[in-house]
Amino acid sequence: MTALVAVLALLAGVGLVLYLARRELTVFHLVVEHGAVRRARGRMPPEMMHDLRDVLARAKASGTVSGRVEDRRVVLHFGGGIDEATAQRLRNVAGRFPTARIRQSKRLG
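So, here's what we can say about the structure.

Cut-offs applied
Residues numbered from 1 in each chain as written. Predicted model: local features only at pLDDT ≥ 70, side-chain atom pairs only at ≥ 80, totals over all residues. Heavy atoms only, no water. Buried < 20%, exposed > 50% of the residue type's maximum accessible area, 1.4 Å probe, protein only. Helix = DSSP H or I, 4+ residues; strand = E, 2+ residues; numbered from the N terminus. Pairing = 2+ DSSP bridges. Axes fitted to C-alpha atoms, helices over the stretch in contact; angles between N-to-C directions. Contact = heavy atoms within 4.5 Å. Core = buried A, V, L, I, M, F, W, Y, C linked by side-chain atoms within 4.5 Å.

## Comments concerning the pairing of strand 1 (residues 26–33)
Part 1 of the argument: Among the eight residues that make up strand 1, seven are buried, leaving the element largely enclosed by the rest of the structure.
Part 2 of the argument: As paired elements, strand 1 and strand 3 (residues 63–70) share six bridges and run antiparallel to each other. Bridging across to strand 3, V32 finds its partner in G63.
Part 3 of the argument: Strand direction decides the pairing type here: strand 1 and strand 2 (residues 36–42), joined by six bridges, are antiparallel. Residue pairing in the sheet places L30 in a bridge with A40 of strand 2.

Right, dumping it as C-alpha cells:
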C-alpha cells in the first residue's frame, strides 16, 4: 500500500513539474470573441498587441492565441475558430518582434 502511495506521489510530482514547465514557456495567451480580445495574460509589446487586435477584429475571429517559446523563438498556437488565413496574418505580426523583446515586455493588463 505504501508503495502505491509513493508511486502516485511521484507521478503527481512529475505532472506538476511538466505543467509548470509548459506554463513557463507560454509567453502570452489571448481569448478572443467575435474579434475582441476578452482576456489577455502574459507579456508582449503594446504595438504587437495593437496589431494582433487589428487582425483579429478585421477577421471577427473567436478562439485562443498562445505564444510559446520553442527553439528560442515565439511560436503561435491557435484554438477555436481561427481560420488559417487569419492565423498566418497573426504569425506575420508576431514574426516582426524578437523573442527577447516579447519576453521582456510589461505584463498584459
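There is more to say after this.
## Focus: unusual backbone geometry
Part 1 of the argument: Even without a glycine there, the phi angle at K60 is positive, about 50 degrees.
Part 2 of the argument: Relative to the helices and strands, K60 is located in the loop between helix 2 (46–59) and strand 3.
Part 3 of the argument: Residue K60 is classed as exposed on the basis of its relative accessible area of 63%.
Part 4 of the argument: The phi dihedral of D71 falls on the positive side, at around 55 degrees, and the residue is not glycine.
Part 5 of the argument: One can find D71 in the loop between strand 3 and strand 4 (73–80).

## Quick look at the sheet that holds strand 3
Part 1 of the argument: In spatial order, the strands read 2-1-3-4; together these four strands make up an open sheet with antiparallel pairing. Among the strands making up the open sheet, the edge pair consists of strand 2 and strand 4. Adjacent strand axes in the sheet meet at a mean angle of 15 degrees, parallel and antiparallel pairs treated alike.
Part 2 of the argument: Lying over the sheet, helix 2 contacts strand 1 and strand 2, oriented at roughly 35 degrees with respect to strand 1.
Part 3 of the argument: Set on the sheet, helix 3 (residues 84–95) makes contact with strand 3 and strand 4; between it and strand 4 the angle comes to about 155 degrees.

## Some details on the side chain of T86
Part 1 of the argument: On the secondary structure map, T86 appears in helix 3.
Part 2 of the argument: Of the residues examined, T86 reaches a relative accessible area of 1% and is grouped as buried.
Part 3 of the argument: Ignoring anything within four residues of it in the chain, the contact list for T86 reads V55 and A59.

## Some remarks on the nonpolar core
Nonpolar side chains in soluble globular proteins tend to end up buried together.
Part 1 of the argument: Counting 24 residues, the largest nonpolar core has F28, L30, M44, M48 and L90 as the members making the most contacts within it.
Part 2 of the argument: Elements represented by at least two residues in this core include exactly strand 1, helix 2, strand 3, strand 4 and helix 3.
Part 3 of the argument: Element by element, the count of residues in this core is highest for helix 2, at five residues.
Part 4 of the argument: When residues no more than four places from it in sequence are discounted, the contact partners of M44 are F28, L30, M49, L52, I102, S105, K106 and L108.

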